[in-house]
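Each chain, letter by letter, is given below.
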Amino acid sequence: MARTLRLAVAQSTVPRDPTDLGSLRASGAEIRGLMREASRTGARLVQFPEGAITYPDKHVMSTGGPGTLAVSDWSRVAWDVLREEGELIADLAGELGLWAAFGSIHPLTPPNGPHNSLYVVSDQGRLVARYDKRYLSHTEVSYMYTPGTHPLVFEVDGIRVGCALCIEVNFPELFAEYERLGVDCVLVSLMVDNAARAVIAQAYGALYSYWIGYSIPSQYSTTVPSGIIAPGGRWLARCPADGRPSLTVADLDLGATDPDIDEAVRLARPWRRSARAGLYNARTVQGDPRSDTRTAF
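Counting from 1, residues in each chain are numbered in the order their sequence is written. Two thresholds apply to this predicted model, a pLDDT of at least 70 for residue-level local features and 80 or more for giving and counting side-chain atom pairs, whereas whole-chain, interface and lining totals are computed over all residues. As a convention, hydrogens and water are excluded, and side-chain values are obtained from all of the structure's heavy atoms.

Draft legend 1. Region of the structure containing the pattern of salt bridges. Every case where a carboxyl oxygen of Asp or Glu lies within 4 Å of a side-chain nitrogen of Lys or Arg is listed as a salt bridge. This structure, assessed with the given rule, holds 19 salt bridges. Note that Arg25 is salt-bridged to Glu85, the shortest N-O span being 2.9 Å. Separated by 60 residues along the polypeptide, Arg25 in helix H1 (residues 21-40) and Glu85 in helix H3 (residues 79-96) bring together distant segments of the chain. Partly exposed describes any residue whose relative accessible area lies between the buried limit of under 20% and the exposed limit of over 50%, with all areas from a 1.4 Å probe on protein chains only and scaled to the type maximum. Taking the relative accessible area as the measure of exposure, Arg25 reaches 32% and is therefore partly exposed. Residue Lys133 is joined to Glu140 by a salt bridge in which the shortest nitrogen-to-oxygen separation is 3.1 Å. Take Lys133 and Glu140: they sit in the same class, and that class is buried. Shared partners join several salt bridges into a network, and the residues in it are Arg25, Arg32, Glu84 and Glu85. A run of H or I in DSSP becomes a helix once it reaches four residues, and a run of E becomes a strand once it reaches two; helices and strands are each numbered from the N terminus.

Written as structure tokens, this is what we have:
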């Protein structure tokens, strides 16, 4: 039975100061506005960037004063406002019947630093999962965050979805792990102005024959906008590269008749799995004198 999911990928304005109540309220309102827009397109799942509610600047949080790096002072964060904005997003998801994945920071018990997380809210308005970033930058792990420990796979309308955050694009083993876990799509949410990461994400679409949702902040979209990468590695849909909040939509269809997608999903992915599972073992030759790699010509 064919499985199809309409995915919306957003680029929203990501604020850098979690002590600024006005910017937190504004980002929450912008997220909800884009959710309403996604709902009007018939999307079932909408993805937002890393730190969509807030992605704290390392210097803003530093205990060492302006322009210096030191352990972060998380007591200054407006945690009550972050929690309220998250709850408002969840309530709207329930009203719209729309799944949402959005980034923010998740507090742990002091003195532990928070997780850098991607929250997943169901179409019933319930927080059903949270992905905690596992691979952190040097600054993040030294001064800011507690790393997560587990992959996350959730399911919407029969489509299996994995999650990754920003610098994790540079760790191929994570994306290979999601292939082994049988995902159909990986949501990659970022807070970076780096065209190379989009190229690497395309490579994962080609290598593992699953869809990639690629969500970046609107302020970085003039370099590479948010978009959706098809199995096989080509861009299926993209937001405008104009620096403004927007979203793009595409259907993730496991029964797609598009030749590139059909070949990637129906043929290439199963073949690679069989190759990795020992397909060639019975076909190798032992004892043939001409198989010696030192034999010339």
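Draft legend 2. Molecular detail of H1. Take the number of residues in a helix, subtract one, and multiply by 1.5 Å to get its expected span. The end-to-end C-alpha distance of H1, which contains 20 residues, comes to 29 Å, matching closely the 28 Å that a straight helix rising 1.5 Å per residue would cover. Burial in H1 covers these residues: Ser23, Leu24, Ser27, Gly28, Ile31, Arg32, Leu34, Met35 and Ala38. For H1, the secondary structure elements touched by its buried residues are strand S1 (4-11), strand S2 (45-47), H3, strand S3 (99-106) and strand S12 (246-253). The N-cap residue of H1 is Asp20: its side-chain oxygen and the backbone nitrogen of Gly22 are 3.1 Å apart. Downstream of H1 by one or two residues, Gly42 has phi in the positive range, about 90°. Contacts are assigned to residue pairs that have any heavy atoms within 4.5 Å of one another. Nitrogen and oxygen atoms within 3.5 Å of one another constitute a polar contact, given that in protein one can donate a hydrogen and the other can accept it, and given that sequence-neighbouring residues count only through two side-chain atoms.

Draft legend 3. View of the packing of H1 against H3. Between N-to-C directions, angles span 0 to 180 degrees; the directions come from axes that are lines fitted to C-alpha atoms, helices contributing only their stretch in contact. Their axes nearest at 10 Å, the elements H1 and H3 cross at an angle of 10°. When the axis of H1 is compared with that of H3, the two are roughly parallel. Between H1, through Leu21, Leu24, Arg25, Gly28, Ala29, Ile31, Arg32, Met35, Arg36 and Ser39, and H3, the contact on the second element is made entirely by Val81, Leu82, Glu84, Glu85, Leu88, Ile89, Leu92, Ala93 and Leu96. Along the lines of polarity and charge, the residues of the contact of H1 with H3 split into 12 nonpolar, two polar and five charged. Reported orientations rely on four angle classes, namely roughly parallel under 35 degrees, roughly antiparallel over 145, roughly perpendicular from 65 to 115, and oblique for the rest. Under the grouping applied here, Gly and all other residues not named as nonpolar or charged are polar, the nonpolar ones being Ala, Val, Leu, Ile, Met, Phe, Trp, Tyr, Cys and Pro and the charged ones Asp, Glu, Lys and Arg.

Draft legend 4. Inspection of the sheet that holds S1 at higher detail. Sheet architecture is open: six strands sit in the order S5-S4-S3-S2-S1-S12, paired in mixed fashion. This sheet does not close on itself; its edge strands, each paired only once, are strand S5 (127-132) and S12. Ignoring which end each strand starts from, the neighbouring axes of this sheet average 25° apart. Note on pairing: DSSP must find at least two bridges between two strands before they are called paired. Summarising the sheet, S1 and S2 pair through three bridges and their orientation is parallel. Its bridge partner lying in S2, Val9 is registered against Gln47.

Draft legend 5. Structural detail: the sheet that holds strand S8 (residues 185-189). An order of S6-S7-S8-S9-S10-S11 is seen for the six strands of this open sheet, with the pairing classed as mixed. Looking at strand neighbours, the two that pair on one side only are strand S6 (153-156) and strand S11 (235-238), the edges of this open sheet. Strand-to-strand twist across the sheet, computed as the mean angle between neighbouring axes with direction ignored, equals 25°. As judged from the three bridges shared by strand S9 (residues 211-215) and strand S10 (residues 227-229), these two strands associate in the antiparallel manner. Pairing of Tyr214 across the sheet is with Gly227, part of S10.

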